[in-house]
Amino acid sequence: MVAKLQGRNQHVTHNPSLYKKPFVESFEETPLLVAVLTYMGYGILTIFGYLRDFLRHWGIERCHVAREREEQKDFVPLYQDFENFYTRNLYMRIRDNWNRPICSVPGAKMDLVERVSHDYNWTFKHTGKVVKDVINMGSYNYLGFAENTGACADAAVEATHKYGVGVGSTRCEMGNLDIHEEMEQLVARFLGVESSMAFGMGFATNSMNIPALTGKGCLILSDELNHASLVLGARLSGSTIRVFKHNNMQSLEKLLRDAIVHGQPRTHRPWKKILIVVEGIYSMEGSIVRLPEIIALKKRYKAYLYLDEAHSIGALGPNGRGVVDYFGLDPKDVDIMMGTFTKSFGAAGGYIGGKKELIDYLRRHSHSALYATSMSSPVVQQIITSMRIIMGEDGTTLGADRLRQLSENTTYFRRKLHEMGFIIYGNDDSPVVPLMLYMPAKIGAFGREMLKRNIGTVVVGFPATPIIESRARFCVSAAHTREMLDTVKHFEVPLFPSLEKPALAISQSMESEKRSGGR
């Protein structure tokens, strides 16, 4: 059911008996006035976009956009003019908020290369200056392992001296190192599964392995907010795809029932396989999957479960083992456990864990296992060292300390933003914190104003989000100190729609608040 509590839409569990602790997520509805103003803003931008296209067509305004040469006018168009309308007239206005060059380790603080544009963001020039000590609230460095000093960096350097950087071959030919085997055994032990295998790219882990698991005559039930890699993998598989509402168990159960009752279209034969595909933490919403309920449905209807833990592995659970650990569930209840090393482990690549039969099958049938060059040795060593630290096998409490610090930072940052009257999405335990901006003009203004205050964050708008749900996305890290988080929450940028208090007045009142020390 959905209950309104204190003016917020709070999504409460359907089966509380499946949870060991309350599970509540908030997704406040867009205020009507804000929605109207947002649509008006996009409407005005669209009108001016058509006006500028008219001026470009007649040569009154210079056209920077790529287009066919005059002698190719009778060819099939290479550039779809209407499809590029948004890029030309809306994205270019705020393009300076993305692709900023970083010239340091993307840790709690980072250095940015300063750049300017003299043609309204069509091209950029570097000034030669560096913006120092920008607080990094955008990287997925949940446990702070993206660093160039310490045990992980030292071990990676040693591995580079021993094995070199490039491997130069696939795993099934001459690119299978002993540390690859060591890493996969460690990952399996960390996840609590029989076996695992690693891949050099997280995106390819999904897009190349789902087609190896399902095919024609199979049904994939996908959450509507699943990542593009999952969507691509499902499409490449040739399976029938049906989408259920985000984290909505009633929607999922209806699709499961219909699939079993009606079977395949036209023939009504039973589906060869039904695969439920979900994520652990949804990176744009900050929500956590309702895993206990999904596992209950999976068992009831004899389906398979594919769990993408890209953002949750290392960032959730008392032991950092993701949503399965967070809910205290048995890893054996998840058929395919997928995750990436690019976030909490500060490395690159992805993995799949599960039964030995599953992994042996993928080693023979996965395109990314057969054709992709194997992972670089320093990357593998970074994964091994960071994972052992998380597991406490390095003989220290550093891993437990970082897990605890991430949890405390997440709780503190979310609570303070709520108290300041900002509208934020997701679960209170999620280190991904979307802060709603709504209006298109605020997307660019927010990113620029934050950078002026030496705070780097990610701003997101349509089409990556619904048109009236533009947002800034903060990613909390264990490496962030309380002072850094206080700096972010004290910025005086009156850009946020707040239903309770003006943001400027709140930020001024917060200055007198006593600071208390400590994904």
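Residues numbered from 1 in each chain as written. Predicted model: local features only at pLDDT ≥ 70, side-chain atom pairs only at ≥ 80, totals over all residues. Heavy atoms only, no water.

## Some thoughts on the overall build of the chain
Along the backbone of the chain there are 16 helices and 19 strands. Expected size for 519 residues packed as a compact globule is a radius of gyration near 24 Å; at 24 Å, the chain falls within 12% of this value. Principal-axis analysis of the C-alpha atoms places the extent of the chain at approximately 65 × 60 × 55 Å. When the 519 residues of the chain are sorted by exposure, 52% land in the buried category. For the chain, the accessible surface area stands at approximately 24700 Å², while carbon and sulfur atoms represent 56% of it. Distance between charge centres in the chain, computed from 62 positive and 55 negative side chains, equals 3 Å. (Helix = DSSP H or I, 4+ residues; strand = E, 2+ residues; numbered from the N terminus. Rg over C-alpha atoms; globule rule 2.2 N^0.38 Å. Buried < 20%, exposed > 50% of the residue type's maximum accessible area, 1.4 Å probe, protein only. Areas by Shrake-Rupley, 256 points an atom, 1.4 Å probe, with all protein chains shown as cover. Lys, Arg positive; Asp, Glu negative; His and termini not counted. Charge placed at Lys NZ, Arg CZ, Asp CG, Glu CD.)

## A few points about the packing of aromatic side chains
Scanning all chains against the criterion turns up 14 aromatic pairs. Considering the side-chain rings of Phe-413 and Phe-474, the 5.3 Å spacing of their centres and the 75 degrees angle between planes classify their relative orientation as edge-to-face. Of this pair, Phe-413 sits in helix α13 (residues 398-419) while Phe-474 sits in strand β19 (residues 470-475); the two residues are 61 residues apart in sequence, bridging distant segments of the chain. By relative accessible area, which is 1% here, Phe-413 ends up buried. Here the aromatic residues Tyr-19, Phe-23, Tyr-326 and Phe-327 are joined through ring pairs into a cluster of three or more. (Phe/Tyr/Trp six-rings, centres within 6.5 Å; stacked < 30°, edge-to-face > 60°.)

## Digging into the UniProt feature "domain: Aminotransferase class I/classII large" (unreviewed entry) in the chain
The UniProt feature table records "domain: Aminotransferase class I/classII large" (unreviewed entry) at residues 132-487. Along residues 132-487 one finds 42% helix and 19% strand; the C-alpha atoms at either end are 16 Å apart. (UniProt positions renumbered as here; feature names shortened; annotations may be inferred.)

## Points about the domain arrangement of the chain
Considered domain by domain, the chain is made up of domain 1 (21-136 + 397-497) and domain 2 (151-391). Domain 1 and domain 2 are separated by 28 Å when their C-alpha centres are compared. Counting residues at the interface gives 21 residues for domain 1, matched by 21 residues for domain 2. Interface area for domain 1 against domain 2, summed over the two sides, is near 1600 Å², with a carbon-plus-sulfur share of 63%. Along the contact surface separating domain 1 from domain 2 lie one salt bridge. Across the pair Arg-471 and Glu-285 runs a salt bridge whose closest N-O atoms are separated by 3.1 Å. Run the count over domain 1 and domain 2 and you get eight residue pairs in polar contact (both at pLDDT 80 or more). Elements with a contribution of two residues or more to the side of domain 1 that touches domain 2: α13, β15 (426-427), β16 (432-438) and β19. Here the side of domain 1 that touches domain 2 gets five residues from one element, more than from any other, and that element is α13. (Domains from an automatic or database assignment. Contact = heavy atoms within 4.5 Å. Buried area = accessible area lost by both parts, 1.4 Å probe. Salt bridge = Lys/Arg side-chain N within 4 Å of Asp/Glu carboxyl O. Polar contact = N/O pair within 3.5 Å; in protein donor to acceptor, adjacent residues only side chain to side chain.)

## Overview of the UniProt feature "transmembrane region" (unreviewed entry) in the chain
Mapped onto this numbering, the UniProt entry annotates "transmembrane region" (unreviewed entry) at residues 32-51. Annotated as residues 32-51, this span is 100% helix and 0% strand, and its ends, taken at the C-alpha atoms, are 29 Å apart.

## Points about the pairing of strand β6 (residues 195-199)
Across a regular strand the side chains alternate sides, sitting on one face of the sheet and then on the other. For β6, a buried count of five out of five residues is recorded, marking the element as mostly surrounded by other parts of the structure. The alternating pattern of β6 places Ser-195, Met-197 and Phe-199 and Ser-196 and Ala-198 on opposite faces, both of which are buried. Both β6 and strand β14 (residues 350-354) contribute to a ladder of five bridges, which runs antiparallel. The residue bridging Ser-196 from the neighbouring strand is Gly-353, located in β14. (Pairing = 2+ DSSP bridges.)

## A short note on the pattern of salt bridges
With the rule as written, the count across this model stands at 25 salt bridges. Taking the shortest distance from any N to any O, the salt bridge between Lys-132 and Asp-111 comes out at 3.5 Å. Note that Lys-132 is positioned in strand β5 (residues 125-136) and Asp-111 in strand β4 (residues 109-116), a separation of 21 residues in sequence. Classification of Lys-132 by relative accessible area gives exposed; the value is 53%. Note that Glu-449 is salt-bridged to Arg-453, the shortest N-O span being 2.8 Å. Taking relative accessible area as the criterion, Glu-449 reaches 22% and is therefore assigned partly exposed.

## Some points on the sheet that holds β4
Strand pairing within a sheet occurs via backbone hydrogen bonds; the two strands may be parallel or antiparallel. Spatially, the three strands line up as an open sheet ordered β4-β5-β17, and their pairing is mixed. Looking at strand neighbours, the two that pair on one side only are β4 and β17 (455-456), the edges of this open sheet.

## Some points on the sheet that holds β19
Strand order in this open sheet of three strands is β16-β19-β18, and the pairing throughout is antiparallel. Each having just a single partner strand, β16 and β18 (458-460) make up the two edges of the open sheet. Averaged over all pairs of adjacent strands, the angle between their axes in this sheet comes to 25 degrees, without regard to strand direction. In this sheet, β19 lies alongside β16 in antiparallel orientation, the contact comprising six bridges. Each bridged residue has a counterpart across the sheet, and for Tyr-438 the counterpart in β19 is Ser-470. Its contacts with the sheet put α13 on β16 and β19, and the angle it makes with β16 is roughly 25 degrees. (Axes fitted to C-alpha atoms, helices over the stretch in contact; angles between N-to-C directions.)

## Focus on unusual backbone geometry
Along the chain, Phe-462 connects to Pro-463 via a cis peptide bond; the corresponding omega equals 10 degrees. With respect to the helices and strands, Pro-463 occurs in the loop between β18 and β19.

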